[in-house]
Amino acid sequence: MTGRMIDLRSDTVTRPTDGMRRAMAEAEVGDDVYGEDPSVNRLQAEAAERMGTEAALFMPSGTMCNQVAIAVLSQPGTDVLAAGRAHVVRYEMAGAARNAGVQLKGLPDDAGFFTGADVDAALESSAHHQPPVSLVCIENTAQAGGGRPWRAGELADVAASAARHSLPVHCDGARIFNAAAAVGIEPRGLVEGCTTVMFCLSKGLGGPVGSVLCGPAGAIDEARQERRRLGGAMRQAGVLAAAGLYALEHHIERLAEDHARARRLADGVAECFPGSIDPDGVETNMVCCDASAFPEKFLARLADRGVLAGMLDPDTLRFTTHLDVDDDSVEATLTALADIARKG
Ligand SMILES: Cc1ncc(COP(=O)(O)O)c(C=O)c1O
C-alpha cells in the first residue's frame, strides 16, 4: 500500500488544515497564567457564549477538563455517578479516585445512557450504608451508545433527578457539537440542566490540541486552581487557542457531512457483515460494530487494503469519520470491505 492510509480509528487523528495553521502562526499571544493571552481569552469567551455559561477555561485535554470538573464539583469519599462505560469510568486511568478521592459508580449502561430513575435508585442506596453521592456525569454523544446523542427529554429527566437531590451535573461533551448537529439544536440547549460542560476542539472539530470547560464563574475560578495543580496551566497557549477559534468558526457546519458518511459506511458494513451493526442506530460520526461479526484478522486485512479502523473495547470494532475523511475515502473503504467479505 502506498500513499496515506485512510484512518478511521478515531476523530482525534485529524491534522490542522492550511487555514488553521495560518491562524496559529498569526495568533496574538501573551502569558495565559497572567490571564494575558488575547487568543485564549477570546476562545474562552466564545466557548462560554456558545454553551450559555458565565465563564470557560481552556485546557490541554478533555481528560483534564473532566478531572478538574470532578475535583471541583464532588467531595472526597463520595460516589460520582456515570454510565458504566463512560470515558470518565473507563479511560481516565482511575483519575477521579486519585485526583478527587471519589469512587465512580457505574450506572446501568446498555448504550451509554441512564435515566432519572437510575439516579434516584443510586441515591436510595446511600440510605443503606453506601457512600453519599456528590455528582452526576453524563457523556454526550455517548461513545458506548455508538455515538448516539442524548435527546432533550432524556437529559431533562436526569437533570430533574439531580436537582431533586441537589446534585451538580457535569457533561462530558467531548462531541457535544456532533450531538447538537444530530438533534438539530444549539449546544447550549443540550446543557441547560448541567452545572459544567466540557467540549473538545481536538475531535470532530479538527483542532490539534485542547478542550474547554464551561460553567459558572465561581466553579471556573476553582477550576483554574485545579488546572494549575495538575500542571495544565500553559503560557503562550494562544497558538493553540487560535486553532480552536478557527475550528469553531469553520468546522461546525460540516459535521453533518461526517454523520452522513458514517451512515453510508454503516450501510456498507451491515451489507458486507450481516449482524455487525444496525445502521439506523448511527446518528453521528461513529460506526460501532459487534466485533464477533467480522472474519479473523479483519483489522490487519483492512490495513493491508489501506484502511485503519480500531477496537473501542474487546467486543466493539469502530470506524469514525472526521475532517480528513472525504467521499472518496468512504468509497475506497467500502470497496475494501466488500473485498474482504467476498474472500471470507
Ligand atoms: C467521550 C470522551 N471524553 C473525553 C475524552 C478525553 O479527551 P482527551 O483525549 O482530549 O483527553 C475522550 C477522548 O477520546 C472522549 O472520547
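Here's what I pulled together on the structure shown here.

Parameters and conventions
Residues numbered from 1 in each chain as written. Predicted model: local features only at pLDDT ≥ 70, side-chain atom pairs only at ≥ 80, totals over all residues. Helix = DSSP H or I, 4+ residues; strand = E, 2+ residues; numbered from the N terminus. Buried ≥ 20, exposed ≤ 12 C-beta atoms within 10 Å, placed from the backbone. Contact = placed C-beta atoms within 7 Å. Near = placed C-beta within 6 Å. Nonpolar A, V, L, I, M, F, W, Y, C, P; charged D, E, K, R; others polar. Pairing = 2+ DSSP bridges. Axes fitted to C-alpha atoms, helices over the stretch in contact; angles between N-to-C directions. Right-handed = clockwise from strand over helix to strand, strands pointing away.

Some details on the overall build of the protein chain
Then comes step 1: On a plain count of helices and strands, the protein chain comes out with 13 helices and 12 strands.
Then comes step 2: Here the C-alpha coordinates of the protein chain stretch approximately 60 × 55 × 35 Å along the principal axes.
Then comes step 3: Within the span of the protein chain, comprising 344 residues, buried residues form 52% of the whole.
Then comes step 4: A sequence separation of at least 24 residues applies to 75% of the contacts in the protein chain between residues at least 6 apart.

Observations concerning the site of the ligand
Then comes step 1: In the neighbourhood of the ligand, the contacting residues comprise Ser61, Gly62, Thr63, Asn66, His87, Glu139, Gln143, Asp172, Ala174, Cys200, Ser202 and Ser211.
Then comes step 2: Looking at side-chain class alone, the shell around the ligand contains two nonpolar, eight polar and two charged residues.

Regarding the sheet that holds strand 11 (residues 310-313)
Then comes step 1: Pairing in this open sheet of three strands is antiparallel, and the strands run 9-12-11 from one edge to the other. The open sheet has two free edges, formed respectively by strand 9 (286-290) and strand 11, since each of these has just one partner strand. Taking the axes of each pair of neighbouring strands and ignoring which way they run, one obtains an average angle of 40 degrees across the sheet.
Then comes step 2: Two elements, strand 11 and strand 12 (residues 316-320), share three bridges in a ladder whose sense is antiparallel.

Considerations on the pairing of strand 9
Then comes step 1: Within strand 9, four of the five residues are buried, which leaves the element mostly enclosed by the surrounding structure.
Then comes step 2: Pairing geometry for strand 9 and strand 12, over five bridges, is antiparallel. Looking at the pairing, Met286 lines up with Thr320 of strand 12.

With respect to the pairing of strand 6 (residues 169-172)
Then comes step 1: Judged by which residues are buried, strand 6 turns out to be covered on both faces: Val169 and Cys171 on one side and His170 and Asp172 on the other are all buried.
Then comes step 2: Here strand 5 (residues 133-139) runs beside strand 6; their pairing, made up of four bridges, is parallel. Looking across to strand 6, one finds that Ile138 is bridged to Cys171.
Then comes step 3: Crossover connection from strand 5 via helix 7 (residues 152-164) to parallel strand 6: handedness right-handed.
Then comes step 4: Two elements, strand 6 and strand 7 (residues 196-200), share three bridges in a ladder whose sense is parallel.

What about the environment of Glu257?
Then comes step 1: Mapping Glu257 onto the fold places it in helix 11 (residues 255-272).
Then comes step 2: What makes Glu257 partly exposed here is the crowd of 16 C-beta atoms within 10 Å.
Then comes step 3: It is 39 Å that separates the C-alpha atoms of Glu257 and Ala100, two residues lying 157 residues apart in sequence.

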